[in-house]
Number of protein chains: 2
Amino acid sequence: MSWVAGADGPWGTHNLPYGVADGRIVVRIGDQVLDLQSVLALEALRSSTLNDFMALGPDAWRAVRERVVELLTDEQHRETVEPHLSPLAGKTLTLPFAVGDYVDFYSSEDHATNVGKLFRPDSPPLYPNWKHIPIGYHGRSGTVVVTGTEVKRPSGQRKGEAAPVFGPSVRLDIEAEVGFVVGVPSAMGDTVGVDDFAAHVFGVVLVNDWSARDIQAWEYVPLGPFLGKSFATSVSAWVTPLAALATVPAPAQDPEVLPYLAESDRSTYGIDLEVDWNGTVVSRPPFAGMYWTPAQQLAHMTVNGASVRTGDLFASGTVSGPRRDQTGSFLELSWSGADPVKLEDGSERTFLLDGDTVTLTATAPGSTGRPVVLGEVTGTVTG
Amino acid sequence: MSWVAGADGPWGTHNLPYGVADGRIVVRIGDQVLDLQSVLALEALRSSTLNDFMALGPDAWRAVRERVVELLTDEQHRETVEPHLSPLAGKTLTLPFAVGDYVDFYSSEDHATNVGKLFRPDSPPLYPNWKHIPIGYHGRSGTVVVTGTEVKRPSGQRKGEAAPVFGPSVRLDIEAEVGFVVGVPSAMGDTVGVDDFAAHVFGVVLVNDWSARDIQAWEYVPLGPFLGKSFATSVSAWVTPLAALATVPAPAQDPEVLPYLAESDRSTYGIDLEVDWNGTVVSRPPFAGMYWTPAQQLAHMTVNGASVRTGDLFASGTVSGPRRDQTGSFLELSWSGADPVKLEDGSERTFLLDGDTVTLTATAPGSTGRPVVLGEVTGTVTG
């Protein structure tokens, strides 16, 4: 039990996510933050990003976490530690890590099936490669922004009658995702095995991969999404360390995957998301049901010898469950606009209007048995 | 006329590309390099990458270039400057800039047409969007490597009879490209106009975007190329400043492009490439014929409000001309393997074998009237 007031809530010592507040690395405890470089003599913590610390690897991550728990629970440390706690309120939270490469996967079978049904109603909804490959692509790392950043509606080309037309996107959407942050790099030419996930990945963020469906639909053949996605990707300010999370079984796969994707212990995280649209919870996407696990994504991403770097972010792809109210995009939730979503203020929505705010939150089973709350990711659309 | 011996050749004061040798910023003059921080009092030059210098913008770029020309031509500086010249031979050239985002375009009409004919023989070779959009996608910036780096043949999935098979790529290819390096960043939400190219772009590199065609063909629907490209992209060690290059007219476009892509002065660079395969020049791709210019690529890339950062690299896409011996990939040169290429040693090639070396070189009309040689990019395939 922590001596910190309010630590018996969701932000207790079972959680302890890392962030950067007012330019310094902190962990969150209750409604306060602990300034880490003031209480731990570790050079990597003297930084305005988590990268140097994340590069140290699992032994250092474990040692720091254990020491922080000790400092915050043992009364004998209270006198020395308390001066380095301060209220979270009023602090500026910045992007907690410098992003290397950003990769976005497409790993929900329900999402891929929904998209297939909407865009190719006369064909099988999944492409032949989908159950063999964790399909993914590179996104723009320079426009990954922290929660709270306003998102300006992008302009671009969309399909017109005779010729394309240019203007602000008229089908602006979200994608509710879970992102994984690489700590320990790999060398070019090496691979990261499917069972080596925890030796490389530091933690988890929530991701909103804002998407302009009209721009995307016109541009994506044959090289994939580009400007329909590259204008902004929002992530939470808190990185939840893997150590805080319990693992849960992942769904069975059929057909059998190739050996490099075959996990000895097929597991994932039981992260339950909530999508809030202007104050109404419109969807509850379940991450545990994703067909491809983050360990498979990392193994796939490196099987060709591509290196990973500290700060690389790879996101799950839109998290959608089998039910309509479990979908992670408004494309699916409104069935491409055919079935508007009613908000609690009585208004109806299909895609995003200027002024709309979307907030993703999540909880997950924690490694101590207490559930873990993940950091939210929120953003408001501006015209 | 420079007082440096050998400066009357292709690496004279009309050229002066920037690089990083033994960890310090240099310009090349003849077969020597000039250590810049020793002769210029500019903090941004005290670095092991060009990024800080590139961020300063066109006025600083111009001032430094003019001063270096003066130092290397005016005899009165010889005594103070000569001690800071040293032979290039024996120096280690590293990646001259830290890469932000890497974007790869697809801007040669001949290349896109050839690929269309090969892969979709029963359809029009160009997709409906191709003449409206400079089609592009994000590549992996963490695996951009400097010339001379060995390229390990990637393994991955490729299409099989009943199920995909896994193994080393059997259709390993090159893509001869020209890359543009961003100096001056733009803010998120802003756009870079099609006439503002020179206010942001610092210089040019040669690029070999190594490609595993079998991996790419199986993975790329619907999100584009991923592991077929992400294992390695090689760039030259020298960044040729735009100031060294003359502009030449770019091809006319039909149909008319949207206003944000319409240049007031439609121009490009007359970069003539050579592709050398194990000592035989097999192709001479002409960059000037590319349908989309780099100014249009940059304007398109930012029209949705995506920012660019110092160090961002955007490449032209495979440079192919109308003739077979002007194509920038072996997919085209060997017509997908149907028409092997004879090398001078008598051997025949379709795709790359282990041990093969490919070297791209190029020359272009220079701003002083003397032709400019660009830095080569070479790589050898290992098994």
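Everything quoted here is computed from the prediction, not taken from an experiment.

What about the pattern of salt bridges?
Residues and elements named next belong to chain A. In the structure shown here, the tally under the stated rule is 40 salt bridges over all chains. In this structure, Arg323 and Asp325 form a salt bridge, with 3.1 Å as the shortest nitrogen-oxygen distance. Each member of the salt-bridge network shares a partner with another, and the members are Asp173, Glu175, Asp209, Arg213 and Lys229.

Comments concerning the interface of chain B and chain A
Listed as interface residues are 52 residues of chain B and, on the opposing side, 52 residues of chain A. Carbon and sulfur atoms supply 63% of the area that chain B and chain A bury against each other, a total of about 5,200 Å² over both sides. Contact with chain A buries area across many residues of chain B, yet B:Arg140, B:Leu223 and B:Phe226 alone supply 16% of it, more than any other trio. Inspection of the region where chain B meets chain A yields 2 salt bridges. Residue B:Arg140 is joined to A:Asp312 by a salt bridge in which the shortest nitrogen-to-oxygen separation is 3.0 Å. The interface formed by chain B and chain A includes 26 residue pairs in polar contact (both at pLDDT 80 or more). Listing elements by their share of the side of chain B that touches chain A, those giving two or more residues are strand E6 (102-105), strand E7 (136-139), strand E10 (155-158), helix H7 (213-219) and helix H8 (294-302) of chain B.

Examining the relation of the copies chain B and chain A
The two chain copies are related to each other by a rotation about an axis together with a translation along it. Expressed as a screw operation, the relation of chain B to chain A combines 0.0 Å of axial shift with a rotation of 180 degrees, fitting to an RMSD of 0.0 Å. On this basis, the relationship between the two copies can be described by a two-fold rotation axis. When C-alpha positions in chain B are compared against the rotation axis, the closest is assigned to B:Gly224, at 2.0 Å. Both copies contact each other with a shared surface, as 100% of the interface residues of chain B are interface residues in chain A too.

Quick look at the sheet that holds strand E26 (residues 372-382) of chain A
Read from one edge of the open sheet, 5 strands run E9-E26-E25-E20-E21 (chain A), paired in mixed fashion. The open sheet has two edge strands, strand E9 (151-152) and strand E21 (280-283) of chain A, and neither has a second partner.

Here we look at the packing of aromatic side chains
For any two aromatic rings, the description comes down to two numbers: the centre-to-centre distance and the angle of the planes. Residue and element names in this part refer to chain A. This model, assessed by the stated rule, comprises 28 aromatic pairs over all chains. Taking 5.3 Å as the distance between ring centres and 50 degrees as the angle between the ring planes, the aromatic pair formed by Tyr18 and Phe53 counts as tilted. Residue Tyr18 is located in strand E1 (residues 18-21), and its partner Phe53 is located in helix H2 (residues 51-54); the two are separated by 35 residues in the primary sequence. Phe53 shares its class with Tyr18; the two are buried. When the centroid spacing of 5.9 Å and the interplanar angle of 70 degrees are considered together, the rings of Phe180 and Phe197 count as edge-to-face. A residue pair is termed long-range when its members are at least 10 positions apart, and Phe180 in strand E13 (residues 176-182) and Phe197 in helix H6 (residues 197-200) qualify at 17 residues.

Digging into the domain arrangement of chain A
Residues and elements named next belong to chain A. In terms of domain boundaries, chain A breaks down into domain 1 (18-94) and domain 2 (102-382). Taken over C-alpha atoms, the centre of domain 1 sits 29 Å from the centre of domain 2. Summed over both sides, the interface of domain 1 with domain 2 buries roughly 1,400 Å², with 74% coming from carbon and sulfur. Inspection of the region where domain 1 meets domain 2 yields 0 salt bridges.

Some thoughts on the UniProt feature "binding site: substrate" (unreviewed entry) in chain A
Mapped onto this numbering, the UniProt entry gives "binding site: substrate" (unreviewed entry) at A:Tyr106, A:Arg120, A:Gln216, A:Tyr220 and A:Thr318. Once you skip the residues sitting within four places of it in the chain, A:Tyr106 turns out to touch A:His111, A:Ala112, A:Val115, A:Trp130, A:Ile135, A:Ser316, A:Gly317, B:Pro222 and B:Leu223. Along the chain, A:Arg120 falls in the loop between helix H5 (109-119) and strand E7 (136-139). For A:Arg120, a relative accessible area of 17% puts it in the buried group. Among all residues touching A:Arg120, those that are not within four sequence positions of it are A:Val115, A:Pro125 and A:Tyr127.

Remarks on the nonpolar core
Ranked by internal contacts, the top residues of the largest apolar core, which has 145 residues, are A:Ile271, A:Phe314, B:Ile271 and B:Phe314. Aside from chain neighbours lying at most four places away, what touches B:Phe314 is B:Val103, B:Phe105, B:Val178, B:Gly179, B:Phe180, B:Val182, B:Phe197, B:Val201, B:Pro294, B:Gln297, B:Leu298 and B:Met301.

Definitions and cut-offs
Residues numbered from 1 in each chain as written. Chains lettered and ligands numbered in written order. Predicted model: local features only at pLDDT ≥ 70, side-chain atom pairs only at ≥ 80, totals over all residues. Heavy atoms only, no water. Salt bridge = Lys/Arg side-chain N within 4 Å of Asp/Glu carboxyl O. Contact = heavy atoms within 4.5 Å. Buried area = accessible area lost by both parts, 1.4 Å probe. Polar contact = N/O pair within 3.5 Å; in protein donor to acceptor, adjacent residues only side chain to side chain. Helix = DSSP H or I, 4+ residues; strand = E, 2+ residues; numbered from the N terminus. Least-squares fit on C-alpha atoms with pLDDT ≥ 70 in both. Pairing = 2+ DSSP bridges. Phe/Tyr/Trp six-rings, centres within 6.5 Å; stacked < 30°, edge-to-face > 60°. Buried < 20%, exposed > 50% of the residue type's maximum accessible area, 1.4 Å probe, protein only. Domains from an automatic or database assignment. UniProt positions renumbered as here; feature names shortened; annotations may be inferred. Core = buried A, V, L, I, M, F, W, Y, C linked by side-chain atoms within 4.5 Å.

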